[in-house]
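Observations on the three-dimensional arrangement
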Amino acid sequence: MFQHIKAFGGDPIFRIGAAYQADPRDVKVNLTVGLYYDEQGRLPVLDVARRAEQAWAEKNLPRGYLPMEGLATYREQVQKLIFGADNSALAQGRIATIQTLGGTGALKVGGDFLHLAYPNSEMWISDPAWDNHHSIFQGAGIPTHSYRYYDARTQGVDFAGLMADIRALPEHSIVLLHPCCHNPTGADLTDEQWLEIIDVLRDQRLIAFMDMAYQGFGRSLDEDAFAIRAMVEAGLTFFVASSFSKNFSYYAERCGSLSVVCQSADEAQRVLGQLQAVVRRIYSNPPSHGGQAIASVLADPELFAEWQAEVECMRDRIATMRRLAHERLQEIAPNYDSSYFVKQRGMFCYTGLNLAQLEALRRDHAVYIIDSGRISMPGLNQDNLEYFVQALAQVVTDDSLA
Ligand code: LMR
């Protein structure tokens, strides 16, 4: 029956993560999957999450189905977090928000809905892309293409290229954008650049799909949502996918959201209904456990402040690792330009290392980085930093690998 089925080549991110896990060497460094590790190399269990879970467990409530759109309190709190509590579109009831299975689930539901609403629209995704973006939207039946995003010379955004590419798009094209902490490059747009992009999106009637998986890891919870809030102000109709995997350390709980900012409350109600229909066709309704805990943390000012402080610690630790890596590399490999560590922001660093260098790092040093050369920064800590920079310095100064 399945003779014709080809073997799965493995996911480009998880495959290298699995190779790290399987490596028997004692000293090894995992810079693969975007997971936040603390200074001790552990995935944190946030104290606020633990307390909220305990309080919930003690209530011992029955476990009926959640509605297709998810928990009402979660959706309400998430809207405030993303759009700001005093956002006018919220007051006007113009935003349709559902609880989703992580950020990836939000992209899938959004993709399915968009394909129904605009069956002829195609999607443009940054080059380079998070490896899964093309697959998710193609899986929803939407053809995908790339727009220019990264300039290897400056190790930053190719803004002129990006603008030229999106200006050339036909009406109702969908543009996937990262409001903060661009994955994989860590090269973010400035607020001024966002305002220019928003003008093009509005004037050309393009559909923005904002994927925010790292809110709080760039500048702050509020500042990282700058572009989203500016889009609301500019009167755009657009999509936002968000995730609590990283900033709540809730990867396995699959807690995310999808919002569609509409032009009226009536439109938002109809869009919400169609999102419910899409969800019903895929998984019917989301699980409750993680969403309950998040909703109770976000709704309680004291717990919220504690969580905000936790996110700030994570952000600061990543920034410190970036600075230390760059400083140390300047000392031990002065001819190597490691300024990308400090120019880029958030979870990821885009190194530009080639495959031979990446393979040498894995083979000779047990330092694991995915094939795009993207480093997940929280894999570094004070204990393994020196080992890592020495390994990197060796590889980048070895001419046979260049
Ligand atoms: C990553 O980019 O490593 C993370 O977002 C995890 C994933 O699902 O790929």
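Residues numbered from 1 in each chain as written. Predicted model: local features only at pLDDT ≥ 70, side-chain atom pairs only at ≥ 80, totals over all residues. Heavy atoms only, no water.

Where we set the bar: UniProt positions are given in the numbering used here, feature names are shortened, and annotations may be inferred rather than shown by experiment.
In the annotation of an unreviewed UniProt entry, the protein chain is listed under the name Aspartate/tyrosine/aromatic aminotransferase and assigned to Alcaligenes endophyticus. For the record of the protein chain, the UniProt heading Cofactor (unreviewed entry) holds the text "pyridoxal 5'-phosphate". Entered under Subunit (unreviewed entry) in the UniProt record, the comment concerning the protein chain runs "Homodimer."

Some words on the UniProt feature "domain: Aminotransferase class I/classII large" (unreviewed entry) in the protein chain
Note the threshold: Put simply, DSSP marks the helices as runs of H or I at least four residues long and the strands as runs of E at least two long, and each gets a number from the N terminus on.
UniProt's entry tags residues 28-392 with the feature "domain: Aminotransferase class I/classII large" (unreviewed entry), counted in the numbering of this structure. Secondary structure across residues 28-392 divides into 46% helix and 15% strand, with the first and last C-alpha atoms of the span separated by 13 Å.

Quick notes on the site of the ligand
This is how the line gets drawn: One heavy atom suffices: a residue is near a molecule or strand as soon as one of its heavy atoms comes within 4 Å of it. Here a polar contact is taken to be a pair of N or O atoms separated by no more than 3.5 Å, where protein atoms must pair a possible hydrogen donor with a possible acceptor and residues adjacent in sequence count only if both atoms sit in side chains. When residue character is reported, Ala, Val, Leu, Ile, Met, Phe, Trp, Tyr, Cys and Pro are called nonpolar, Asp, Glu, Lys and Arg charged, and the others, Gly included, polar.
What surrounds the ligand is the set Ile13, Phe14, Val33, Gly34, Trp130, Asn183, Tyr214, Lys246, Phe348 and Arg374. Within the side chain of Trp130, one N or O atom sits 3.0 Å away from an oxygen atom of the ligand. A distance of 2.8 Å separates an oxygen atom of the ligand from a polar side-chain atom of Arg374. Grouping the constituent residues of the shell around the ligand by class yields 6 nonpolar, 2 polar and 2 charged.

Observations concerning a nonpolar patch on the surface
Applicable threshold: Nonpolar side chains (Val, Leu, Ile, Met, Phe, Trp, Tyr) are joined into patches within 5 Å and like charges within 9 Å, using only residues with over 30% relative accessible area and no salt bridge. Under the convention used here, a 1.4 Å probe and the Shrake-Rupley method define accessible areas, while residue burial counts only the protein chains that appear. Every case where a carboxyl oxygen of Asp or Glu lies within 4 Å of a side-chain nitrogen of Lys or Arg is listed as a salt bridge. Only protein chains enter the calculation, and the probe is 1.4 Å; a residue is then buried if its accessible area is under 20% of its type maximum, exposed if over 50%, and partly exposed in between.
Nonpolar side chains collect at one region of the surface, where Met1, Phe2 and Ile5 lie side by side and expose about 440 Å² of accessible area between them. Locating Phe2 in the fold gives a position in the segment before helix H1 (14-22). Given the relative accessible area of 62%, Phe2 is considered exposed.

So, the pattern of salt bridges
This model, assessed by the stated rule, comprises 23 salt bridges. A salt bridge links Asp191 to Arg219; its shortest N-O distance comes to 2.8 Å. Of this pair, Asp191 sits in helix H8 (residues 191-203) while Arg219 is found in the loop between strand S8 (207-212) and helix H9 (226-233), placing the two residues 28 residues apart along the sequence. Judged by relative accessible area, Asp191 falls into the partly exposed class, the value being 21%. Connected through salt bridges with shared partners, the residues Asp47, Arg50, Arg51 and Glu306 form a single ionic network.

Topic: the sheet that holds S8
Basically, it comes down to this: For two strands to count as paired, DSSP must find a minimum of two bridges between them. Only the stretch in contact is used when a helix axis is fitted, and all axes are lines through C-alpha atoms; the angle between N-to-C directions ranges over 0 to 180 degrees.
The strand order across the open sheet built from 7 strands is S2-S10-S9-S8-S7-S3-S4, with neighbouring strands paired in mixed fashion. Each edge of the sheet is formed by a strand with only one pairing partner; in this case those strands are strand S2 (95-101) and strand S4 (144-148). With strand direction ignored, the average angle separating the axes of adjacent strands in the sheet is 25°. The pairing of S2 with strand S10 (residues 255-261) spans 7 bridges and is antiparallel. Looking at the pairing, Gln99 lines up with Ser257 of S10.

A closer look at unusual backbone geometry
In terms of backbone geometry, most residues other than glycine have negative phi values and most peptide bonds are trans. Cis peptide bonds are those with omega within 30 degrees of zero, and the linkage from Asp127 to Pro128 qualifies with 5°. Examined against the element boundaries, Pro128 turns out to sit in the loop between strand S3 (123-127) and helix H6 (131-139). For the bond running from Asn183 to Pro184, omega is 20°, close enough to zero to count as cis. Residue position: Pro184 is located in the loop between strand S7 (174-177) and H8. Its identity is not glycine, yet Cys181 carries a phi of approximately 50°, on the positive side. Along the polypeptide, Cys181 turns up in the loop between S7 and H8. At Ser284, a position not held by glycine, the phi torsion is positive, near 75°. Residue position: Ser284 is located in the loop between helix H10 (265-282) and helix H11 (289-299).

Details of the packing of aromatic side chains
Basically, it comes down to this: Stacked, edge-to-face and tilted are the three classes for Phe, Tyr and Trp ring pairs, Trp counted by its six-membered ring, which pair at centre distances within 6.5 Å; planes under 30 degrees apart are stacked, over 60 edge-to-face, the rest tilted.
One pass over the structure, following the stated rule, counts 17 aromatic pairs. Taking the centre distance of 5.7 Å and the plane angle of 80° together, the rings of Tyr20 and Tyr368 count as edge-to-face. Highlighted residues: Tyr20 in helix H1 and Tyr368 in strand S12 (residues 367-368), separated in sequence by 348 residues. Tyr20 gets classed as buried once you look at its relative accessible area, which sits at 14%. Put simply, the rings of Tyr74, Phe244, Phe248, Tyr250, Phe304 and Trp307 touch in pairs and so form one group of aromatic residues.

Regarding the environment of Ala295
The test is simple: By definition in these notes, contact holds between two residues if any of their heavy atoms fall within 4.5 Å.
Note on placement: Ala295 falls in helix H11. Each C-alpha atom of the pair Ala295 and Asn30 lies 32 Å from the other, and the pair is 265 residues apart in sequence. Excluding residues within four positions of it along the chain, Ala295 makes contact with Leu71, Thr73, Tyr74 and Gln77.

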